[in-house]
Amino acid sequence: MTSNYRNVACSKISISELMLPSHTNFSGKIHGGYILSLLDQIAFASASKYSGNYCVTASVDTVNFLKPIEVGELVTMKASVNYVGRSSMIIGIRVEAENIQTGAIKHCNSSYFTMVAKDKEGKSVVVPGLILSDLHEVRRYFKSLKLIQVKKEIDEHQEELDYTSIEALASLDAHNVLLELN
C-alpha cells in the first residue's frame, strides 16, 4: 500500500455553467439528466485530480434534487474527495444555482459518487491516503463511512430476504401494490 497522503484540497474542483433553454425538460426546468451528466464529469475530474489516475464511476450513491434550476441561472458545482479506500474514493458534490440578475443563490443538489482509480490496463490502483485538515472534512469523512455502512446493510438484507416466502409476499399487503403473479 502506498504511504503517501494528500489533502482534500488536492481534489477540489469547481465548475460553473449558464443554464440554457436547450437544457430543459418538458416542464421548462433544467433536466435532471443534464445535471447528472455534469455531476459525473465533475466527480471524474475530482477523483482523477486527487488520485493522479484515470477514474471510473463505480456507483452513484446519492443524488438529492432539492430545488429546481431555472433557465438563465448560473449553476456552480463544487466537488471534493470525502473518503478514500484502497482504490475507491467517495466524491461529494454541492450544486448551487445563482440568479445572475439578483445575485440570489440557492442550494439545488447534493450528490455522492463512488469513483475507482484505474491504471492503463484498466486494473484498480491504490490511491493516496487522505489528510483531514478541519472538522468539516472530518464530518464529511464520517458521513461517507455511514454511507458505506448503509450500502452494506442493504446488500446484506437483499441476500437474506427470501422474497418468495409466504411471509414476504403477505407483507406486501401493507404497501401500495397489487400482486397478480402468474
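Residues numbered from 1 in each chain as written. Predicted model: local features only at pLDDT ≥ 70, side-chain atom pairs only at ≥ 80, totals over all residues. Heavy atoms only, no water.

**Q** Even after reading the chapter, I still don't get helix α1 (residues 32-51), so can you show me in this structure?
**A** Each α-helix winds once per 3.6 residues, and so residues spaced three or four apart point in a common direction. With 20 residues, α1 should cover 28 Å at 1.5 Å per step; its first-to-last C-alpha distance of 28 Å lies within 8% of that length. One or two positions beyond α1, positive phi appears at Gly52, with a value near 75°. (Helix = DSSP H or I, 4+ residues; strand = E, 2+ residues; numbered from the N terminus. Expected span 1.5 Å × (residues − 1).)

**Q** Is there a simple way to think about helix α2 (residues 135-160) in this case?
**A** Here α2 is 26 residues long and its end C-alpha atoms lie 37 Å apart, about the 38 Å a rise of 1.5 Å per residue gives. Glu137, Ser144 and Leu147 are the residues of α2 that are buried. Lining the buried residues of α2 we find β3 (54-65), β4 (73-84), β5 (88-99), β6 (105-118) and β7 (129-131). The residue sitting at the N-terminus of α2 and contributing the capping side-chain oxygen is Asp134; that oxygen lies 3.1 Å from the backbone nitrogen of His136. (Buried < 20%, exposed > 50% of the residue type's maximum accessible area, 1.4 Å probe, protein only. Contact = heavy atoms within 4.5 Å. Polar contact = N/O pair within 3.5 Å; in protein donor to acceptor, adjacent residues only side chain to side chain.)

**Q** I'm lost on a negative patch on the surface in this one. Help?
**A** Where like charges cluster on the molecular surface, the negative patch consists of Glu153, Asp155, Glu156, Glu159 and Glu160. Take Glu153: it is sitting in helix α2. (Patch = residues over 30% accessible without salt bridge, like charges linked within 9 Å, V, L, I, M, F, W, Y side chains within 5 Å. Areas by Shrake-Rupley, 256 points an atom, 1.4 Å probe, with all protein chains shown as cover. Salt bridge = Lys/Arg side-chain N within 4 Å of Asp/Glu carboxyl O. Lys, Arg positive; Asp, Glu negative; His and termini not counted. Charge placed at Lys NZ, Arg CZ, Asp CG, Glu CD.)

**Q** I'm lost on the state of the cysteines in this one. Help?
**A** A disulfide bridge is the covalent bond that connects two cysteines by way of their sulfur atoms. Considering all chains together, one arrives at zero disulfides under this definition. Cysteine Cys55 is unpaired, with the sulfur of Cys10 as its nearest cysteine sulfur at 14 Å. Given a relative accessible area of 2%, Cys55 falls into the buried group. (Disulfide = S-S within 2.5 Å.)

**Q** What am I meant to see in the side chain of Lys106 here?
**A** Residue position: Lys106 is located in strand β6. Within polar-contact distance, the side chain of Lys106 engages the side chain of Glu73 at 3.4 Å.

**Q** In this structure, what is going on with the packing of aromatic side chains? I would like to understand it.
**A** For any pair of aromatic rings, geometry is given as the distance between the ring centres together with the angle between the planes. Evaluation of the coordinates by the stated rule reveals two aromatic pairs. Considering the side-chain rings of Tyr83 and Tyr141, the 5.3 Å spacing of their centres and the 35° angle between planes classify their relative orientation as tilted. Of this pair, Tyr83 sits in strand β4 while Tyr141 sits in helix α2, and the two are 58 residues apart along the sequence. Above the plane of the ring of Tyr50 lies Arg6, whose end atom (NZ or CZ) is 5.7 Å from the centre. (Phe/Tyr/Trp six-rings, centres within 6.5 Å; stacked < 30°, edge-to-face > 60°. Lys NZ or Arg CZ within 6 Å of the ring centre and 35° of its normal.)

**Q** Any chance you could explain the environment of Ala47 here in plain terms?
**A** Mapping Ala47 onto the fold places it in helix α1. When the C-alpha atoms of Ala47 and Val116 are compared, they prove to be 7.9 Å apart, with 69 residues separating the residues in sequence. For Ala47, the residues in contact, after removing those within four places along its chain, are Cys55, Met89, Ile91 and Met115.

**Q** Looking at this structure, I do not really get the pattern of salt bridges. What am I missing?
**A** If the charged atoms of two oppositely charged side chains come close together, the side chains can form a pair. Counting across every chain of the model gives five salt bridges. Ionic pairing is found between Lys151 and Asp61, a salt bridge with its closest N-O pair at 2.9 Å. Taken together, the residues Lys151 in helix α2 and Asp61 in strand β3 connect sequence positions 90 residues apart. Overlapping salt bridges bring together Lys78, Arg94 and Glu96 as one network.

**Q** Please explain the sheet that holds β5 as it appears in this structure.
**A** Strand-to-strand pairing in sheets goes through backbone hydrogen bonds, with the strands running parallel or antiparallel. Strand order in the open sheet made by the five strands is β2-β4-β5-β6-β3, with antiparallel pairing throughout. Edge strands, defined here as strands with exactly one partner in the open sheet, are β2 (13-18) and β3. Taken over all neighbouring pairs, the strand axes of this sheet differ in orientation by 25° on average, direction set aside. Against the sheet, α1 touches β2, β3, β4, β5 and β6, its axis set at about 135° to β3. Against the sheet, α2 touches β3, β4, β5 and β6, its axis set at about 75° to β4. (Pairing = 2+ DSSP bridges. Axes fitted to C-alpha atoms, helices over the stretch in contact; angles between N-to-C directions.)

**Q** How should I be thinking about the nonpolar core in this particular structure?
**A** Grouped together as the largest cluster of nonpolar side chains are 30 residues, with contacts concentrated most on Ile69, Met77, Met89, Ile91, Ile93 and Val95. Mapped onto this core, the elements with two or more residues apiece are α1, β4, β5 and β6. Among the elements that take part in this core, α1 stands out by supplying seven residues, more than any other. (Core = buried A, V, L, I, M, F, W, Y, C linked by side-chain atoms within 4.5 Å.)

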